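Below are the chains, spelled out letter by letter.
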Amino acid sequence: MSLTPTMIELVARARVDLRMGLPIVIENGSDTALAIAVESLSEERLGDLRELGDVTLALTARRAETLKARVYDTDVCRVHVPDSVSWSWIHALADPADDLNSPMKGPLSSLRGGNAQFARLAITLTKSARLLPSALLVDLPDGVRFAAENGLTLINDGLAAPLLDQSSPLHPVAAARLPIEAAEAGRLHIFRPDDGNEEHYAIEIGRPSREEPVLTRLHSACFTGDVLGSLKCDCGPQLQGALTQMGQEGAGVLLYLNQEGRGIGLTNKMRAYSLQDQGFDTVEANHRLGFEDDERDFRLGSSILKEMGFSSVRLLTNNPRKISMMESTGIQVAERVPLKVGENPFNTQYLATKARKSGHML
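Small disclaimer: the values here were computed from a predicted structure and weren't measured.

Details of a negative patch on the surface
Where like charges cluster on the molecular surface, the negative patch consists of D31, D54, D83 and D139. A relative accessible area of 62% means that D83 is categorised as exposed.

With respect to the domain arrangement of the protein
Split by domain assignment, the protein resolves into domain 1 (7–163) and domain 2 (170–259 + 296–358). Relative placement of domain 1 and domain 2: their C-alpha centres are 35 Å apart. At the junction of the two partners, domain 1 supplies five residues and domain 2 supplies six residues. Roughly 380 Å² of surface becomes buried between domain 1 and domain 2 when both sides are summed, with 38% attributable to carbon and sulfur atoms. If you sort the residues of domain 1 by the area they bury against domain 2, I8, R15 and R130 come out on top, with a joint share of 83%. If you look at where domain 1 meets domain 2, you find one salt bridge. Close ionic contact of E198 with R130 constitutes a salt bridge, the shortest N to O distance being 3.9 Å.

Notes on the UniProt feature "active site" (unreviewed entry) in the protein
Sequence positions flagged by UniProt for "active site" (unreviewed entry) are, in local numbering, D294 and R296. Considering only the annotated residues already named, the ones lining the largest pocket are D294 and R296. Mapped onto the elements of the fold, D294 is located in the loop between α12 (282–289) and α13 (299–307). With respect to the secondary-structure elements, R296 resides in the loop between α12 and α13.

With respect to the packing of helix α11 (residues 266–277) against α12
Between α11 and α12, the least distance of the axes is 9 Å, while the angle of their chain directions is 120°. Here α11 lies oblique to α12, going by the angle between them. Both α11 and α12 take part in a crossing whose hand is right-handed. Packed against α11, whose contacting residues are N268, R271, A272, L275 and Q276, the element α12 presents T282, A285, N286, R288 and L289 at the interface. A per-class count over the contact of α11 with α12 returns four nonpolar, four polar and two charged.

Re a nonpolar patch on the surface
Together, F223, V227, L228, L266 and M270 make up a nonpolar patch on the protein surface, roughly 450 Å² of accessible area in all. Of all the secondary structure elements, the ones that give two or more residues to the nonpolar patch are α8 (223–227) and α11. Residue position: F223 is located in helix α8. For F223, a relative accessible area of 38% translates into the label partly exposed.

Describing the sheet that holds strand β12 (residues 312–316)
Within the open sheet, the seven strands sit side by side as β7-β8-β9-β11-β10-β12-β13. Their pairing is mixed. With one partner strand each, in any of the chains shown, β7 (170–177) and β13 (332–337) form the two edges of the open sheet. The mean inter-strand angle of the sheet, taken between neighbouring strand axes irrespective of direction, is 25°. As defined by bridge partners, β7 adjoins strand β8 (residues 186–193) across seven bridges and the pair is classed as antiparallel.

Conventions and cut-offs
- Residues numbered from 1 in each chain as written.
- Predicted model: local features only at pLDDT ≥ 70, side-chain atom pairs only at ≥ 80, totals over all residues.
- Heavy atoms only, no water.
- Patch = residues over 30% accessible without salt bridge, like charges linked within 9 Å, V, L, I, M, F, W, Y side chains within 5 Å.
- Areas by Shrake-Rupley, 256 points an atom, 1.4 Å probe, with all protein chains shown as cover.
- Salt bridge = Lys/Arg side-chain N within 4 Å of Asp/Glu carboxyl O.
- Lys, Arg positive; Asp, Glu negative; His and termini not counted.
- Charge placed at Lys NZ, Arg CZ, Asp CG, Glu CD.
- Buried < 20%, exposed > 50% of the residue type's maximum accessible area, 1.4 Å probe, protein only.
- Domains from an automatic or database assignment.
- Contact = heavy atoms within 4.5 Å.
- Buried area = accessible area lost by both parts, 1.4 Å probe.
- UniProt positions renumbered as here; feature names shortened; annotations may be inferred.
- 1 Å grid on protein atoms, 1.4 Å probe; cavity = no way out; pocket = protein on both sides within 12 Å on 5 of 7 lines; lining within 4 Å.
- Helix = DSSP H or I, 4+ residues; strand = E, 2+ residues; numbered from the N terminus.
- Axes fitted to C-alpha atoms, helices over the stretch in contact; angles between N-to-C directions.
- Parallel < 35°, antiparallel > 145°, perpendicular 65-115°, else oblique.
- Left-handed = near helix turned anticlockwise from the far one by under 90°.
- Nonpolar A, V, L, I, M, F, W, Y, C, P; charged D, E, K, R; others polar.
- Pairing = 2+ DSSP bridges.

This is how it looks when you write it as structure tokens:
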């Protein structure tokens, strides 16, 4: 029946549930477990979880490294949660805000053996929801029935995990002429993904030929830099510099991808900024939060370009990862066009870290 939600629609529902502090049920064969995001966990629901059975905390290997917890499952860590610990103890393991004030979190007992896939999927979903990448899990004897009786979203691991690993298809939903300061001949295109996540935009300057490499910029949303003029990064100057160059040449496409903070979201980006104030660089802050250096999906940009009829680009970038992504997804990079703008006394170390740890060509 077409009115029954598909798995991709159930994943979108699960993402919202986790943000609101509601648990979801995950099934894998005959095994089922209840999962809830630590960030939105309440004391009351923690008590309810304990009524159901032993509680396990799922963390990323990056966060576990900071906590000196043993990782037996490569990319995730499962920590036993004693009945005696409080909500604040659990939250402190997930959120690094007070790590320097209270560095001793343990002793932590990491689980080994058994199926780590529930922990892996729960963390992937919390990342997708732009929450701290951590979740509590409780095994359920009959989770399918429990989900139905309590109105909880039921996610099949075997069907959901591949969807979360893929880049969601994007579809054009609206476009209109938009004269901008850099070019009066501007047009804004809106693309909407199937997975219910943020929409992404393409600003087309002039009438670029589909038969020649188009001057292109993949620009990740940066509220602090693009809107507020933050001096901590070079995003705002890069945005304006790219549009100005396209206006001067009379043609180009700027892809504005809603992947704030290298894909971790604005809230987590502010958490990372707070850690930077404690002395950590950009990469170290992301790792302490439990994220990778860069969580963005640049395949989205390739998908938009193909949808618009482009197959070759002159890419405005300093990031070699964008070049390799484009070429691996069928978009030819005919030329890399450097975009070195926006350095100031506040972002010198930030730029140095990008060059040293992320390979940016600065």
